[in-house]
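# A look at the structure
Chain residues, written in single-letter form:
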Amino acid sequence: MAGTEEREAAFYAIIDADGRIEPRDDMPEAYRRTLVRQIAQHAHSEIIGMQPEGNWISRAPSLRRKAILLAKVQDEAGHGLYLYAAAETLGVSRDQLLELLHARKQKYSSIFNYPTLTWADVGAIGWLVDGAAITNQVPLTRCSYGPYARAMVRICKEESFHQRQGFEALLTLTRGTPAQKAMAQDALDRWWYPSLAMFGPPDTGEQASGGHTEQSMRWGIKRFTNDELRQRFVDMTVPQSQVLGLTIPDPDLRWNEERGHYDFTPPDYDELFRVIKGDGPCNAQRLAHRVAAHEDGAWVREAAAAYAAKKQEVAA
Amino acid sequence: MTSQWPLWEVFVRAKRGLSHIHVGSLHAPDAAMAVRNARDVYTRRGEGVSIWVVPSDQITASSPDEKDAFFDPAGDKVYRHPTFYEVPAEAKHL
Ligand SMILES: [Fe+2]
Ligand SMILES: [Fe+2]
């Protein structure tokens, strides 16, 4: 059996060669713990993220939109499952992770603690929230942990439909009546800054997150800083907003020739921290709904297990 | 209820003529449900024409850590590859 130092050296040799760590490899305990936390948080976000949009399935404006929305929400459930499965390769169980979520000991993305007040919010979520998620997730397809990277490849393939259907839904509104266009603008006004906050706290200055980024980059879990990804998202999204004919609610938004990027007003990070801590408009509602769904489904899980056990008995 | 449904590994054949390839895992109470769940989780966009599910605990793996030693015997046998042999350019179809 190799010594600790030798095993660490073998781990870092793989990381430095941009190789992939697989489940049964030796890995530093802190690397494993960081991955469990991140993948679990990501999985929780996918399944909690079904709620704001699920809220509109029964009220979608047409059968076409309803079928699309159902398919999207079903995809998000699938994303959750891929990610819980990836986390389980690190020696935790899905049940354990759900318990931690229900006990508020693990988090999910703060964005899902905002309400979907109008149909236009469904379009704005697809365009902005899924758009921001894609920006975050594409680099994760090259994450150093194999199962996580592979899950992200599947997820990213599916996300592009999510973003396009949202954009199309908004485009339909902006080309509709003045009231429909106003509804689309109102949705953008409310979702813009929370979407920017999805990239997390800034990497520098007094609100910097306190060091996850640097360590995660050393481990090849993260490839870009929060601020780099946020800038990338803004640069992609501003021209899209012009196609929609909508105005991003930022008077200081302008192209900076010198930097080759848009300058923009950062989101309110104090608000982000408040929402993460549990004080967003919908935190309590989202978690209560999740726990109720889990408890209401218990009899189904038990019945299926009992049926499987009985069939085995009969066969034996 | 604390006991979790068992874990299954899922293999999908993308189209006729190709092997089944491992795509991930899932929980299900029995094999029939595992196949159904695998269809919903891993083939929502026509990614497969056939699915295998295998209980995860039935898989035997080569070595506890995916280290090289087990595969070392192949390492020094370059003569197993066609490029090891030098033949004149005039000798065609070799
Ligand atoms: Fe997703
Ligand atoms: Fe999505």
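Residues numbered from 1 in each chain as written. Chains lettered and ligands numbered in written order. Predicted model: local features only at pLDDT ≥ 70, side-chain atom pairs only at ≥ 80, totals over all residues. Heavy atoms only, no water.

The name given to chain B in an unreviewed UniProt entry is 1,2-phenylacetyl-CoA epoxidase subunit B, with Jiangella rhizosphaerae as the source organism.

Identification of chain A as 1,2-phenylacetyl-CoA epoxidase subunit A from Jiangella rhizosphaerae is taken from an unreviewed UniProt entry.

### What to know about the coordination of the iron ion (ligand 2)
Residues and elements named next belong to chain A. Donor atoms from the polypeptide that coordinate the iron ion (ligand 2) comprise Glu 76 (OE), Asp 130 (OD), Glu 159 (OE), Glu 159 (OE) and His 162 (ND1), at 2.0 to 2.8 Å from the metal. Read N to C, the donor residues that coordinate the iron ion (ligand 2) are spaced as E-x53-D-x28-E-x2-H. The metal-metal distance between the iron ion (ligand 2) and the iron ion (ligand 1) is 3.3 Å, with Glu 76 serving as a donor to both. Within this pair, whereas Asp 130 is found in helix α6 (residues 119–137), its partner His 162 is found in helix α7 (residues 146–174), the two being separated by 32 residues in sequence. Using a relative accessible area of 5% as the deciding quantity, one classes Asp 130 as buried. The class of His 162 is buried, set by a relative accessible area of 0%. (Donors = N, O, S within 2.8 Å, 3.2 Å for Na, K, Ca; no water. Helix = DSSP H or I, 4+ residues; strand = E, 2+ residues; numbered from the N terminus. Buried < 20%, exposed > 50% of the residue type's maximum accessible area, 1.4 Å probe, protein only.)

### Here we look at the interface of chain B and chain A
With 22 residues of chain B in contact, the opposing surface of chain A contributes 24 residues. For the pair chain B and chain A, the summed buried area comes to about 2100 Å², and 47% of that belongs to carbon and sulfur atoms. Our count for the contact surface shared by chain B and chain A stands at five salt bridges. In this structure, Arg 44 of chain B engages Glu 158 of chain A in a salt bridge whose closest nitrogen and oxygen atoms are separated by 2.9 Å. Taken together, chain B and chain A are joined by 12 residue pairs in polar contact (both at pLDDT 80 or more). Secondary-structure elements contributing two or more residues to the side of chain B that touches chain A are β2 (20–27) and α1 (31–42) of chain B. Take the side of chain B that touches chain A: its biggest share by element is three residues, from β2 of chain B. In terms of residue class, the side of chain B that touches chain A is built from nine nonpolar, six polar and seven charged. (Contact = heavy atoms within 4.5 Å. Buried area = accessible area lost by both parts, 1.4 Å probe. Salt bridge = Lys/Arg side-chain N within 4 Å of Asp/Glu carboxyl O. Polar contact = N/O pair within 3.5 Å; in protein donor to acceptor, adjacent residues only side chain to side chain. Nonpolar A, V, L, I, M, F, W, Y, C, P; charged D, E, K, R; others polar.)

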